[in-house]
Amino acid sequence: MCCCCCGDGGCRPLGWLLGLPFALVAVLISIVGAVIWIIGLPISCICPCCLCVTLVLEAAVELIKAPFHVMVWFTSKIPC
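Residues numbered from 1 in each chain as written. Predicted model: local features only at pLDDT ≥ 70, side-chain atom pairs only at ≥ 80, totals over all residues. Heavy atoms only, no water.

Colleague: An account of the side chain of Thr75 is needed here, citing residue identities and associated values.
Modeller: Summarising the element assignment, Thr75 is placed in helix α3 (residues 66-77). Thr75 gets classed as buried once you look at its relative accessible area, which sits at 2%. (Helix = DSSP H or I, 4+ residues; strand = E, 2+ residues; numbered from the N terminus. Buried < 20%, exposed > 50% of the residue type's maximum accessible area, 1.4 Å probe, protein only.)

In structure tokens, the structure reads:
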């Protein structure tokens, strides 16, 4: 499966190209998420009972996945 294809099997290069600038911004957001995850992981290992750290780590993982979510969203919205 290529990176500009959706689950329906159709290739959508226009949606992929239009999503690239937004994916680059999402990459910067994912770097912030990675830093939060790197800092928060040892804290959660020291105090695993702290629920707020776990929630912050889950949010950081979603930030790390942001470029993929942006590209999937753009390719699903653009019909060609």
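Having put the structure on the table, let's press on.
Colleague: Before we move on, could you go through the packing of aromatic side chains and cite the residues and values that matter?
Modeller: If you walk through the whole model with that rule in mind, you get 2 aromatic pairs. Measuring from ring centre to ring centre gives 5.0 Å for Phe22 and Phe74, while their planes differ by 20°; the resulting arrangement is stacked. Of this pair, Phe22 sits in helix α1 (residues 13-46) while Phe74 sits in helix α3; the two residues are 52 residues apart in sequence, bridging distant segments of the chain. Accessibility expressed as a relative area gives 15% for Phe74, which makes it buried. Taken together, a centroid distance of 5.2 Å and an interplanar angle of 90° make the contact between Trp73 and Phe74 edge-to-face. An aromatic cluster of at least three residues, connected via ring pairs, comprises Phe22, Trp73 and Phe74. (Phe/Tyr/Trp six-rings, centres within 6.5 Å; stacked < 30°, edge-to-face > 60°.)

Colleague: Which residues make up the packing of helix α2 (residues 51-64) against α3, and what are the values?
Modeller: Where α2 contacts α3, the axes come no closer than 4 Å and their chain directions differ by 50°. One way to sum up the angle between α2 and α3 is to call them oblique. Contacts between α2 and α3 pair Glu62, Leu63 and Ile64 from the former with Ala66, Pro67 and His69 from the latter. Tallied by class, residues from the contact of α2 with α3 come to 4 nonpolar, 1 polar and 1 charged. (Axes fitted to C-alpha atoms, helices over the stretch in contact; angles between N-to-C directions. Parallel < 35°, antiparallel > 145°, perpendicular 65-115°, else oblique. Contact = heavy atoms within 4.5 Å. Nonpolar A, V, L, I, M, F, W, Y, C, P; charged D, E, K, R; others polar.)

Colleague: Which residues make up α2, and what values go with them?
Modeller: Over its 14 residues, α2 extends 20 Å from the first C-alpha to the last, a length consistent with the 20 Å expected when each residue adds 1.5 Å. For α2, the complete set of buried residues consists of Val53, Leu57 and Ala60. Projection of α2 onto a plane perpendicular to its axis shows the buried side chains occupying an angular sector of 60°, all on one side. Buried residues belonging to α2 abut α1. (Expected span 1.5 Å × (residues − 1). Arc of directions from axis to C-beta.)

Colleague: How would you sum up α1? Please name residues and give values.
Modeller: The end-to-end C-alpha distance of α1 is 46 Å, a good match for the 50 Å that 34 residues give at a rise of 1.5 Å each. If you look at α1, its biggest bend is around 45°, right at Leu20, and the proline Pro21 turns up within four residues after that. Here the buried face of α1 lies against α2 and α3. (Bend = angle between axes of the 7 residues up to and from the residue.)

Colleague: Help me get a handle on the side chain of Ser30, residues and values and all.
Modeller: Of note, Ser30 is situated in helix α1. Overall, the relative accessible area of 11% leaves Ser30 in the buried class. Here Ser30 is in contact with Leu63, Ile64 and Pro67, once residues within four sequence places are set aside.

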